[in-house]
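What the coordinates show
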Amino acid sequence: MSDLGPVDPGHAGEAAWLRRWRVRPDGDPVTTASSTLTPVRTEDGTPAVLKVAHVDEEVRGADLLAALDGHGVARVLERNGAAVLLERATGPRDLVTMVESGHDDEATRIICDAAGRIHAASADVLDADEPPELLDLPTWFRHLFSHGGELGAFHRRGADIAGRLLADPRDPVVLHGDLHHGNVLDFGERGWLAIDPKGLLGDAEFDVCNLLCNPSHERALAPGRLERQFGVVVASTGFQPGRLADWLVAWCALSSTWFAIDDDPRLAASASAIGEVALTLR
């Protein structure tokens, strides 16, 4: 759910951007509630993706991609308002397949590395002449604070933990906000890079919590899996285990709240179940 909101409905359609940037379709477009994505090729044959945002959240994410200038993320080739032309991932590897083939630890380390490269670019992004507008974590957690109390004991505890963390912040870094196995892709010679950031600002630990709930809640809840991948994240990032565990509980409470608001009780329950396991981690 997060903070989706419509962008200006008068923005140019996909066909106008194809003409403007002299790119040609290289596959069928995919339209979701948040954007339309069309695989394309540039005039010199370079594979790219034309993305036209339908909601403000996607526009903010594109602003962050442009500011990161390829550091841990896909490069922006062209940008104008709701439309962005991005380099396309063409490598053969896939993190979900990697997990399914027994390389869960490696996939986790790859996502942590992508997070680290984004965080390391924070100073350049924030000190730019025109830094992107990023959403702070207290705003991101607003649905947990406003709805958590009515959802149950775990959500109330998650809200309390989130409030404590947010009242004692660390040095803020640029956050992707949605790092998981489907948002870090193989870009061939450029390696593994992230796509589709939310554009947030806050504690670095927050950014690795979602990967621990993925590539599916069922996988995350497999016996011993969360504990093992939690250890891999700690070893890969150097994060303090107690604070990371608290952020994971807070994230699961927020995620469960979003699913509850969207009337998906099954996923709300499984997100809470991951959070209950996270309460035992230290």
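Refer to the structure printed above.
Everything quoted here is computed from the prediction, not taken from an experiment.

1. Some remarks on helix α11 (residues 241–261)
Across its 21 residues, α11 extends 30 Å between first and last C-alpha, which sits within 8% of the 30 Å expected from 1.5 Å per residue. Of the residues flanking the start of α11, the one acting as N-cap is Q240, its side-chain oxygen 3.0 Å from the backbone nitrogen of G242. Once α11 finishes, D263 follows within two positions and takes phi at roughly 60°, a positive value.

2. Details of the pairing of strand β6 (residues 83–87)
Among the 5 residues of β6, 5 are classified as buried, and the element is accordingly described as predominantly covered. Where strand β4 (residues 47–53) and β6 come together, 5 bridges link them in antiparallel fashion. Within β6, the residue paired with A48 across the bridge is E87. Where strand β5 (residues 76–80) lies against β6, 4 bridges are found, and the strand directions are antiparallel. Its bridge partner lying in β6, E78 is registered against L85. Hairpin connection, β5 to β6: the antiparallel pair is bridged by 2 residues, and G81 has positive phi, about 60°.

3. Quick look at the sheet that holds strand β8 (residues 173–175)
One open sheet accounts for 3 strands, arranged β7-β11-β8; its pairing is mixed. Every other strand in the sheet has two partners, leaving β7 (135–136) and β8 as the edge strands with one partner each. Pairing geometry for β7 and strand β11 (residues 200–202), over 2 bridges, is parallel. From the neighbouring strand, L135 faces β11, where its bridge partner is L200.

What counts and how
- Residues numbered from 1 in each chain as written.
- Predicted model: local features only at pLDDT ≥ 70, side-chain atom pairs only at ≥ 80, totals over all residues.
- Heavy atoms only, no water.
- Helix = DSSP H or I, 4+ residues; strand = E, 2+ residues; numbered from the N terminus.
- Expected span 1.5 Å × (residues − 1).
- Polar contact = N/O pair within 3.5 Å; in protein donor to acceptor, adjacent residues only side chain to side chain.
- Buried < 20%, exposed > 50% of the residue type's maximum accessible area, 1.4 Å probe, protein only.
- Pairing = 2+ DSSP bridges.

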